[in-house]
Amino acid sequence: MGERKLDKSFSIKTVGIREWGDGEVHYNRYEATPYAALDKLFERYRLDKSDSVVDFGCGRGRVAFYIHNRFHVPVTGIEANDITYEEALKNIETYKLRAKHIKAPIRFKFGLAEHYEIKPEENRFFLIPFL
Ligand SMILES: C[S@@+](CC[C@H](N)C(=O)[O-])C[C@H]1O[C@@H](n2cnc3c(N)ncnc32)[C@H](O)[C@@H]1O
């Protein structure tokens, strides 16, 4: 199935690229991890009910939604680009309508990953190297 169709199955929109612009060299651009790569990763890397995940640089939220939907664990996404963050918030509204049966929380926070204070229960971390 294509990326857009898989997005549709979660009621989200994550396809596309966003550069930071203005010659920004410190922060990586937005580009979602391919669904096929996530499938491959989670064939071997399993999560269980006691886990709690943080996605540093969550973009529009694809990885967060994928993990939340597949493992039913709490997920927090951190995003520093204000436009991308707004898109993640739109996605969460539509996703939640579809995922009402999943009790675990999913949320996004605006800000730099390096400023996020990790909570004691957060024990699994996803990040794409920022440089
Ligand atoms: C390559 S995308 C990955 C998005 C998502 N994690 C995924 O794999 O589908 C990287 C994202 O990290 C954000 N980002 C880059 N540097 C950041 C930082 N220091 N703190 C928070 N977000 C950052 C970018 O705006 C972009 O949306």
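Note that this is a predicted model, so its numbers are computed, not measured.

The number of helices and strands found in the protein chain is four helices and six strands. Listed N to C, the secondary structure of the protein chain is α-β-β-α-β-α-β-α-β-β in terms of helices and strands. Here the protein chain has a C-alpha radius of gyration of 14 Å; the compact-globule value for 131 residues is 14 Å, and the two agree. Relative to its full complement of 131 residues, the protein chain shows a buried share of 40%. A sequence separation of at least 24 residues applies to 70% of the contacts in the protein chain between residues at least 6 apart. When the accessible surface of the protein chain is split by element, carbon and sulfur atoms take 55% of a total near 8,000 Å². Distance from the positive charge centre (22 side chains) to the negative charge centre (20 side chains) of the protein chain: 9 Å.

Now for the site of the ligand. Around the ligand sit 23 residues in total, of which Thr 33, Gly 57, Glu 79, Ala 113 and Glu 114 are the nearest. A distance of 3.2 Å separates a nitrogen atom of the ligand from a polar side-chain atom of Asp 55. Taking Glu 79, its side chain carries an N or O atom lying 2.6 Å from an oxygen atom of the ligand. Here the ligand has 600 Å² of accessible area as a free molecule, and 98% of this is covered by the chains. When the residues that make up the shell around the ligand are grouped by side-chain class, the tally is twelve nonpolar, six polar and five charged.

Cut-off values and rules
Residues numbered from 1 in each chain as written. Predicted model: local features only at pLDDT ≥ 70, side-chain atom pairs only at ≥ 80, totals over all residues. Heavy atoms only, no water. Helix = DSSP H or I, 4+ residues; strand = E, 2+ residues; numbered from the N terminus. Rg over C-alpha atoms; globule rule 2.2 N^0.38 Å. Buried < 20%, exposed > 50% of the residue type's maximum accessible area, 1.4 Å probe, protein only. Contact = heavy atoms within 4.5 Å. Areas by Shrake-Rupley, 256 points an atom, 1.4 Å probe, with all protein chains shown as cover. Lys, Arg positive; Asp, Glu negative; His and termini not counted. Charge placed at Lys NZ, Arg CZ, Asp CG, Glu CD. Near = heavy atom within 4 Å. Polar contact = N/O pair within 3.5 Å; in protein donor to acceptor, adjacent residues only side chain to side chain. Nonpolar A, V, L, I, M, F, W, Y, C, P; charged D, E, K, R; others polar.

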